Amino acid sequence: MSIREVGPRDGLQNEAPVPTEAKVRLLDALSRTGVGRIEAVSFVHPKAIPQMADADEVWKSATKEDGVRYSALIPNSRGAQRALDAGFTEIEVVVSASDTHNRRNLNRSTADSLDDIAVLIDSLHAAGARVEVIIATSFGCPYEGDVEPARVAAIVDRVVADGADRIAFGDTTGMATPPRVAAVVSRVREKHPDLPMLLHFHNTRGTALANVYTALQLGVTEFDASVGGLGGCPYAPGASGNVATEEVVHMLHDMGIDTGIDLSALLDVARMAQEIVGRELPSGVLRAGPRLPLAR
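Residues numbered from 1 in each chain as written. Predicted model: local features only at pLDDT ≥ 70, side-chain atom pairs only at ≥ 80, totals over all residues. Heavy atoms only, no water.

Trainee: What's the story with the nonpolar core in this structure? I'm lost.
Mentor: Formed by 88 residues in total, the largest nonpolar core has its most connected members in Phe88, Val133, Ile135, Phe169 and Leu199. When residues in this core are grouped by element, the largest group, nine residues, is from helix α11 (residues 263–277). In contact with Ile135, other than residues within four places in its own chain, are Val95, Ala97, Val152, Ile155, Val156, Ile167, Ala168, Phe169 and Gly170. Within the second largest apolar cluster, six residues are counted, among which are Leu73, Val94, Ala168 and Leu198. (Core = buried A, V, L, I, M, F, W, Y, C linked by side-chain atoms within 4.5 Å. Buried < 20%, exposed > 50% of the residue type's maximum accessible area, 1.4 Å probe, protein only. Helix = DSSP H or I, 4+ residues; strand = E, 2+ residues; numbered from the N terminus. Contact = heavy atoms within 4.5 Å.)

This is the structure:
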């Protein structure tokens, strides 16, 4: 079971700008919890996402723990070069399944983004990096409504043909439900049974853990989660935080599934995250604690 912690990037990009020192402190603390993968920063233009303006400084200052795989999100060739110059070898690019969200997010059509991604994949592979394509709004779009699984599957076909190493399906505004998760995963698995696949759920409507459980039953073993439930999307009205990492870990451990993550240490980091952003975070396990030990 692999959980990628996305709080330092996807979480903090939706908060008021956080001091660089605090970002580094959060990233370093997460690296010591036993989590195997962390999405550390994104190399985007400061005018687009001011919260990530200090990405180079954050990454330079962070302690890189052995055994942790760090990745960065990029929007274009300029971001790709910055990520490569910083030493990243695991790089994420994003495209939305819905045209409207893609235009709001990237100022171009989905088709245009796919053409750009094909070029990025070639250049990143030439530099020795691996590329994960994240398909946002895979389970619904706040502007267009339902997104057909066939459309998502067609995007997968395209990026796999262009050389993508991995795929992630993003539930950008928490529109996924277990039947919709099953429809997308099953449709893609039919044609690409061995394709590395990760799912990224938001808990906007309280379905995130149910969606994780559904995906587990379908054989998915890789998920994104964000400490404390940090996160959202600047270009998606109503998007609340990602599913909280400690909630996913708490559920998986109770199911007898080993994540390699120290839940107690993770809860300490969630409290730190709450202090850093200066507000109560939505995680139920952070608020109530694990189901054991019992109250006295």
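Trainee: Help me understand the pairing of strand β2 (residues 37–42), please; the structure alone is not making it clear to me.
Mentor: As a general feature of sheets, a regular strand has side chains that alternate between the two faces. Of all six residues in β2, six are buried, a share of seventy percent or more. Bridge analysis of strand β1 (residues 2–5) against β2 gives two bridges, and the strand direction is parallel. Residue pairing across strands places Arg4 opposite Arg37, the latter belonging to β2. Here β2 runs beside strand β3 (residues 69–73); their pairing, made up of five bridges, is parallel. The residue of β3 that forms the bridge with Glu39 is Ser71. Handedness of the crossover joining β2 and β3 through helix α3 (residues 55–61): right-handed. (Pairing = 2+ DSSP bridges. Right-handed = clockwise from strand over helix to strand, strands pointing away.)

Trainee: Looking at this structure, how should I read the packing of aromatic side chains?
Mentor: To describe a pair of aromatic rings, one takes the distance between the centres and the angle between the planes. Applying the stated rule across the entire model yields four aromatic pairs. Here the aromatic rings of Trp59 and Tyr70 are separated by 5.2 Å at their centres, their planes lie at 65 degrees, and the arrangement is edge-to-face. Here Tyr70 lies in strand β3 and Trp59 lies in helix α3, a separation of eleven residues in the sequence. The two residues Trp59 and Tyr70 agree in class, both being buried. Centre to centre, the rings of Phe139 and Phe201 are 6.0 Å apart; their planes meet at 35 degrees, and the pair counts as tilted. Within this pair, whereas Phe139 is found in the loop between β5 (130–136) and α7 (149–161), its partner Phe201 is found in the loop between β7 (197–200) and α9 (208–217), the two being separated by 62 residues in sequence. Both residues of the pair, Phe139 and Phe201, count as buried. Grouping aromatic residues by their ring pairs yields a cluster made of Phe43, Trp59, Tyr70 and Phe88. (Phe/Tyr/Trp six-rings, centres within 6.5 Å; stacked < 30°, edge-to-face > 60°.)

Trainee: What is the right way to read α7 from this model?
Mentor: Every α-helical turn comprises 3.6 residues, leaving residues that sit three or four positions apart pointing alike. Along its 13 residues, α7 runs 18 Å from first to last C-alpha, staying within 8% of the 18 Å computed at 1.5 Å per residue. Taken residue by residue, α7 has Pro149, Val152, Ala153, Ile155, Val156 and Val159 as its buried positions. For α7, the angular spread of the buried residues around the axis is 155 degrees, confining them to a single face. On its buried side, α7 packs onto β4 (90–96), α6 (110–126), β5, β6 (166–170) and α8 (178–191). Looking one or two residues past α7, Gly163 carries a phi angle of roughly 105 degrees, positive in sign. (Expected span 1.5 Å × (residues − 1). Arc of directions from axis to C-beta.)

Trainee: Whenever I open this one, the sheet that holds β5 confuses me. Can you help?
Mentor: Sheet strands pair by backbone hydrogen bonding; their relative direction is either parallel or antiparallel. Read around the barrel, eight strands follow the order β1-β2-β3-β4-β5-β6-β7-β8 and close on themselves; strand pairing throughout is parallel. Sheet twist, expressed as the mean angle between neighbouring strand axes with direction ignored, is 30 degrees. The pairing of β7 with strand β8 (residues 222–225) spans two bridges and is parallel. Its bridge partner lying in β8, His200 is registered against Asp224. Helix-sheet contacts for helix α10 (residues 245–254) involve β1 and β8, and the interaxial angle to β1 is about 165 degrees. (Axes fitted to C-alpha atoms, helices over the stretch in contact; angles between N-to-C directions.)

Keep in mind these numbers describe shape, not what the thing actually does.
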